[in-house]
Amino acid sequence: MLGLADETQEGEPLLRPVMRGGQRVGVSVPLAAARAHAAAERAALPDALRGLAPAAPLPVRVTPALVALAEVVDRARRAAARPD
């Protein structure tokens, strides 16, 4: 699910902040723990997505709030591109 940063979604976020305002956020993860986490996440993928061969894309859902924001941005870009 793709959504705005302040929206709460089910599941585990794919990205986590590591820096804010030039400062590290949280504690460093030991290399062995990072490797173990990556291996576990890879193992959780469907077989078709673990290989090197192209796989069918996973469906992606977009939250209504993100769709609405994209529409606002698209309208603003179109309006700015119109000659006066």
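Undergrad: I'd like a rundown of the overall build of the chain, residues and numbers included.
TA: Helices and strands together make up the secondary structure of the chain, namely 3 helices and 2 strands. Taken from N to C terminus, the helices and strands of the chain fall in the order β-β-α-α-α. The C-alpha radius of gyration of the chain comes to 19 Å, more than 25% above the 12 Å expected for a compact globule of 84 residues. Structurally, the chain occupies a C-alpha span of about 60 × 40 × 25 Å along its principal axes. Put simply, the chain has 84 residues, and 1% of those count as buried.

Undergrad: A description of a positive patch on the surface should follow, citing residues and the corresponding values.
TA: A cluster of basic residues, Arg75, Arg77, Arg78 and Arg82, forms a positive patch on the protein surface. Note on placement: arginine 78 falls in helix α3 (residues 64-81).

Undergrad: Quick rundown of the environment of methionine 19? Include the residues and the values.
TA: Mapped onto the elements, methionine 19 comes out in strand β1 (residues 19-20). Not counting residues up to four positions away in its chain, the partners in contact with methionine 19 are Arg24 and Val25.

Undergrad: Quick rundown of the confidence of the model for the chain? Include the residues and the values.
TA: Residues of the chain with pLDDT of at least 70 account for 99%, and the chain-wide mean is 90. Mean pLDDT across the secondary structure elements of the chain bottoms out at helix α2 (residues 47-50), with 86, and peaks at α3, with 96.

Undergrad: Hey, could you go over a nonpolar patch on the surface for me, with residue numbers and the actual values?
TA: On the surface, Leu2, Val60, Val62 and Val67 cluster together into a nonpolar patch covering about 320 Å² of accessible area. Relative to the helices and strands, valine 67 is located in helix α3. Given the relative accessible area of 35%, valine 67 is considered partly exposed.

About the thresholds
Residues numbered from 1 in each chain as written. Predicted model: local features only at pLDDT ≥ 70, side-chain atom pairs only at ≥ 80, totals over all residues. Heavy atoms only, no water. Helix = DSSP H or I, 4+ residues; strand = E, 2+ residues; numbered from the N terminus. Rg over C-alpha atoms; globule rule 2.2 N^0.38 Å. Buried < 20%, exposed > 50% of the residue type's maximum accessible area, 1.4 Å probe, protein only. Patch = residues over 30% accessible without salt bridge, like charges linked within 9 Å, V, L, I, M, F, W, Y side chains within 5 Å. Areas by Shrake-Rupley, 256 points an atom, 1.4 Å probe, with all protein chains shown as cover. Salt bridge = Lys/Arg side-chain N within 4 Å of Asp/Glu carboxyl O. Lys, Arg positive; Asp, Glu negative; His and termini not counted. Charge placed at Lys NZ, Arg CZ, Asp CG, Glu CD. Contact = heavy atoms within 4.5 Å. pLDDT = per-residue confidence, 0-100.

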